[in-house]
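For reference, the chains in residue letters:
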Amino acid sequence: RVAEATVTVKRSAACPAREVRLRGTGVVSCLSWSATPADDPRGTSLFFGFVAPQQRSTGSVVFSNACQAPVRLSGLETRDPVFPILGADPMNLEVPASARDARGVWRDGTATLTLEFRPLLLGTRNGSLRGMTPLSSPQTFTLRLRGVGGGPRIEVRPTPLTFG
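Engineer: Lay out the environment of glycine 43 in plain terms, naming residues and giving numbers.
Structural biologist: As for its position among the elements, glycine 43 is in the loop between β3 (31-36) and β4 (45-51). Accessibility expressed as a relative area gives 4% for glycine 43, which makes it buried. Measuring from C-alpha to C-alpha, the distance between glycine 43 and valine 61 comes to 8.9 Å, with 18 residues separating the pair along the chain. Sequence-distant contacts of glycine 43, defined by excluding residues within four places in its chain, comprise Trp33, Ser34, Ala35, Ala38 and Leu143.

What follows is the structure, encoded as structure tokens:
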């Protein structure tokens, strides 16, 4: 993204003012994330699908860092035991800095966080993954979590019997 600005500067009070044109590129936010499996095309919601009670299903969130410095995520939590975070220190997940590949192309640094859905009962469960970053934008993030305990609802209605 290209940004442009004009700034008026003076070397001292006795010097004439001069306009300096600034032009540069950057990113609005270094950090982005995408969920798999998702129930929206942008990957902003992690959907675990239909899972029988007492069974498990996993999903992942990939964090991408376009900054040239690593970003440490902290305070990762779901606040619901049916959506535990697996295999990561929820207080200390580092997303590596972007770097040039062998061809000189900038590639985002990535880190993957794995979550699980463990329904205890039938029905839809909603939750969220929350965390904090040291960045000015975003300072916090929230990702929607959703899963359904059981399978599709099936109703069986027998043909009425008439006596008499």
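Having put the structure on the table, let's press on.
Engineer: Could you give an account of the packing of aromatic side chains, naming the residues involved and the relevant values?
Structural biologist: Tallied over the full model, the rule gives six aromatic pairs. Aromatic pair phenylalanine 48 and phenylalanine 83: ring centres 5.7 Å apart, planes at 35°, arrangement tilted. You can see phenylalanine 48 sitting in strand β4 and its partner phenylalanine 83 sitting in the loop between β6 (71-77) and β7 (85-86), a full 35 residues away along the chain. Residue classification places phenylalanine 48 among the buried positions, given a relative accessible area of 6%. On the accessibility criterion, phenylalanine 83 (0% relative accessible area) is buried. Between phenylalanine 63 and phenylalanine 141 the ring centres are 5.3 Å apart and the planes differ by 65°, which places this aromatic pair in the edge-to-face class. Here phenylalanine 63 is found in strand β5 (residues 57-65), whereas its partner phenylalanine 141 is found in strand β13 (residues 140-149), with 78 residues between them in sequence. Assigned by exposure class, phenylalanine 63 and phenylalanine 141 land together as buried. The rings of Trp33, Phe63 and Phe141 are connected pair by pair, giving a single aromatic cluster.

What counts and how
- The numbers attached to residues start from 1 for each chain and follow its sequence in the written order.
- Reporting of local features is limited, given that this is a predicted model, to residues whose pLDDT is at least 70; pairs of side-chain atoms are given and counted only at 80 or more, and all residues count toward the totals for whole chains, interfaces and linings.
- Each side-chain value is derived from all of the structure's non-hydrogen atoms; neither hydrogens nor water enter the calculation.
- Each helix is a run of H or I in the DSSP string that is no shorter than four residues. Each strand is a run of E no shorter than two, and both are numbered from the N terminus.
- To sort residues, take the accessible area from a 1.4 Å probe on protein chains only and compare it with the maximum for the residue type: under 20% means buried, over 50% means exposed, and anything in between is partly exposed.
- Here, two residues are considered to be in contact whenever any of their heavy atoms come within 4.5 Å of each other.
- Pairing of aromatic rings covers Phe, Tyr and the six-membered ring of Trp, with a centre-to-centre limit of 6.5 Å; geometry is then stacked below 30 degrees between planes, edge-to-face above 60, and tilted otherwise.

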